[in-house]
Amino acid sequence: MINRLPIEIANILQASKKNPAQFEELIRSGGYLPPEMELMIDAITALSMGKNILLKGPTGAGKTKFAETLSNLFNQPMFSVNCSVDLDAESLLGFKTLAYKDEKQVIEFVPGPVLNSMTHGHFLYIDEINMAKPETLPLINGVLDYRRTITNPFTNEVITAKDGFNVIAAINEGYVGTVPLNEALKNRFVVIEVPYIEGEQLKQLIETNTKLKDPRSIELFVKLSSDLIKAVNQGKVAEDAASIRALLDACDLSVLIPPKRAILRSVVDKLDEEREREFVKNLADTLF
């Protein structure tokens, strides 16, 4: 990956790398292969300048893997928040609990992912950020802008993020349970559109991230993915049908079971409409 970056960007990345004394286990593995190198260049540039990035794209396009690869490239631990309607201040910031000190019972505060990433100067990954309730995320508005500070509502302590702290968020638009991001929140991010990977990049991803090694079978799965992406763009099937994550699952299963059944389990049975399921099965029948 680094060898494919322009020299100037590679130098910026090298200068921005960290040597963390804690949480080395949170430095994620790499492996994301961008369909265009500009995606990686722009993400590295934004993070090295201390900006937050919002990865925007369809489900299964590799947004989480993209974030994990950035963690790996910067050698930066990454704390994670998975958003849902149940996300609250404690899930983001931490909670108070009873503990014992010198045989006396005391109240201690256990920091959550936001405060941990701020106080140690590490990455914070917020997945499905538009799944959170609109009233929850304003808690961290001050974390996301130039102030990089927050007042902990549980301790009244004012915390300012250390150098190296950045927020990477991911969003799928238009799904059940999601809400539009308000402009104040969106304006705190540099937005990077993450499309599905195709062609040679997808072939390489299958070769390196699945157990499938047969060249002919890999070519057929790449063709299937291309046909599914085209069908999504034409409105014939839902975005779930073209999920790269689901395709990789099918590739793995096809090592031990027939490919069409692997596609059935990994892709077809996830679709809600019978019309869409039949469409994908017909595509698989033409290839396998």
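The structure contained in this document is the topic of the report that follows. (Residues numbered from 1 in each chain as written. Predicted model: local features only at pLDDT ≥ 70, side-chain atom pairs only at ≥ 80, totals over all residues. Heavy atoms only, no water.)

### Thoughts on unusual backbone geometry
Even without being a glycine, Phe 23 presents a positive backbone phi close to 60 degrees. Looking at the secondary structure, you find Phe 23 in the loop between helix H1 (7-16) and helix H2 (37-48). On the basis of relative accessibility, which here comes to 21%, the residue Phe 23 falls in the partly exposed class. A positive phi is found at Asn 156, a non-glycine position, where the angle reads about 65 degrees. (Helix = DSSP H or I, 4+ residues; strand = E, 2+ residues; numbered from the N terminus. Buried < 20%, exposed > 50% of the residue type's maximum accessible area, 1.4 Å probe, protein only.)

### Section: helix H9 (residues 215-233)
Relative to the 27 Å expected for 19 residues at 1.5 Å per residue, H9 spans 27 Å between its end C-alpha atoms, a close match to the ideal helical length. All buried positions along H9 are accounted for by Ser 217, Ile 218, Leu 220, Phe 221, Val 222, Leu 224, Ser 225, Asp 227, Leu 228, Ile 229, Ala 231 and Val 232. Buried residues belonging to H9 abut helix H8 (199-209), helix H10 (244-253), helix H11 (259-266) and helix H12 (274-287). Gly 235 lies just past H9 and shows a positive phi near 80 degrees. (Expected span 1.5 Å × (residues − 1). Contact = heavy atoms within 4.5 Å.)

### Some remarks on helix H5 (residues 113-120)
Within H5, six of the eight residues are buried, which leaves it mostly tucked inside the rest of the structure. Within H5, the full set of buried residues consists of Pro 113, Val 114, Leu 115, Asn 116, Ser 117 and Met 118. Downstream of H5 by a residue or two, Gly 121 has a phi angle that is positive, lying close to 70 degrees.

### Quick word on the nonpolar core
Judged by nonpolar contacts, the single largest core of 61 residues is most densely connected at Phe 66, Leu 70, Ile 168 and Ile 206. Considering each element in turn, this core owes the most residues, nine residues, to H9. One finds Cys 83, Leu 144, Ile 159 and Phe 165 within the second-largest nonpolar core, a separate group that totals 29 residues. (Core = buried A, V, L, I, M, F, W, Y, C linked by side-chain atoms within 4.5 Å.)

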